[in-house]
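# Structural characterization, general
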Amino acid sequence: NTIKAAGLNILMKSIADTDQIRSLSLSGNAIDVPSAKAVAYALAYNQSLKSIFLVHCSINHEGKRHITAGAVSNAHTALRNITGFDLGPVVVTLGFPDALKHWNNEQVMNFIHLMYEKHQSEDVADADDDQDL
């Protein structure tokens, strides 16, 4: 059975708020742009999901951009595995370095995690410097 757009929107709102889900397969379900925005919302807020499978979802370029933007905007994401399309070419269209265009999804997600870890450690260092004043 496939999930209709309305059902996908409800599911994604629940996914955004849960800390219990680790893996989700939406494979085989058509994901149009509004549904991609719902997936993006879930990825932007969920902190427990480690894998999402989007194989054979007929996601167009705009939908891929929304989903990717949602995934990379979450500084607290646990997400490590996205299947169904290549993230590299999409993150480049969002302003990331051109070198990522040829990276596989695992490398892109590792870069995202490293970027946020570095940012968080700089914030801690800045806070320590402020206390020394």
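It should be noted that the structure appears before, not after, this text.
Rules behind the numbers
- Residues numbered from 1 in each chain as written.
- Predicted model: local features only at pLDDT ≥ 70, side-chain atom pairs only at ≥ 80, totals over all residues.
- Heavy atoms only, no water.
- 1 Å grid on protein atoms, 1.4 Å probe; cavity = no way out; pocket = protein on both sides within 12 Å on 5 of 7 lines; lining within 4 Å.
- Points joined across faces, edges and corners; volume = space filled by probe spheres on them.
- Axes fitted to C-alpha atoms, helices over the stretch in contact; angles between N-to-C directions.
- Helix = DSSP H or I, 4+ residues; strand = E, 2+ residues; numbered from the N terminus.
- Parallel < 35°, antiparallel > 145°, perpendicular 65-115°, else oblique.
- Contact = heavy atoms within 4.5 Å.
- Nonpolar A, V, L, I, M, F, W, Y, C, P; charged D, E, K, R; others polar.
- Expected span 1.5 Å × (residues − 1).
- Buried < 20%, exposed > 50% of the residue type's maximum accessible area, 1.4 Å probe, protein only.
- Polar contact = N/O pair within 3.5 Å; in protein donor to acceptor, adjacent residues only side chain to side chain.

### Remarks on empty space enclosed by the protein
- On inspection of all chains with the given rule, the structure shows one cavity of 30 Å³ or more.
- In this structure, the largest cavity occupies an estimated 30 Å³ of space.
- Every residue along the wall of the largest cavity is listed here: Ala42, Leu43, Asn46, Leu49, Thr77 and Leu79.

### A closer look at the packing of helix H2 (residues 33-45) against helix H3 (residues 61-73)
- Put simply, H2 and H3 touch, their axes get as near as 7 Å, and they point 10° apart. Relative to H3, the element H2 is oriented roughly parallel. Along the contact surface, H2 presents Val33, Ala36, Lys37, Val39, Ala40, Leu43 and Ala44, while H3 presents Glu62, Gly63, His66, Ile67, Gly70, Ala71 and Ser73.
- Tallied by class, residues from the contact of H2 with H3 come to eight nonpolar, four polar and two charged.

### Describing H3
- Taking 1.5 Å of rise per residue, 13 residues should cover 18 Å, and H3 covers 18 Å from first to last C-alpha, within 8% of that figure.
- Among the residues of H3, Gly63, Ile67, Thr68, Gly70, Ala71 and Val72 are the ones counted as buried.
- Where H3 begins, one side-chain oxygen reaches toward the backbone nitrogen of Glu62, 3.2 Å away; that side chain belongs to Asn60.

Scope: geometric values only; no functional claims are made or implied.
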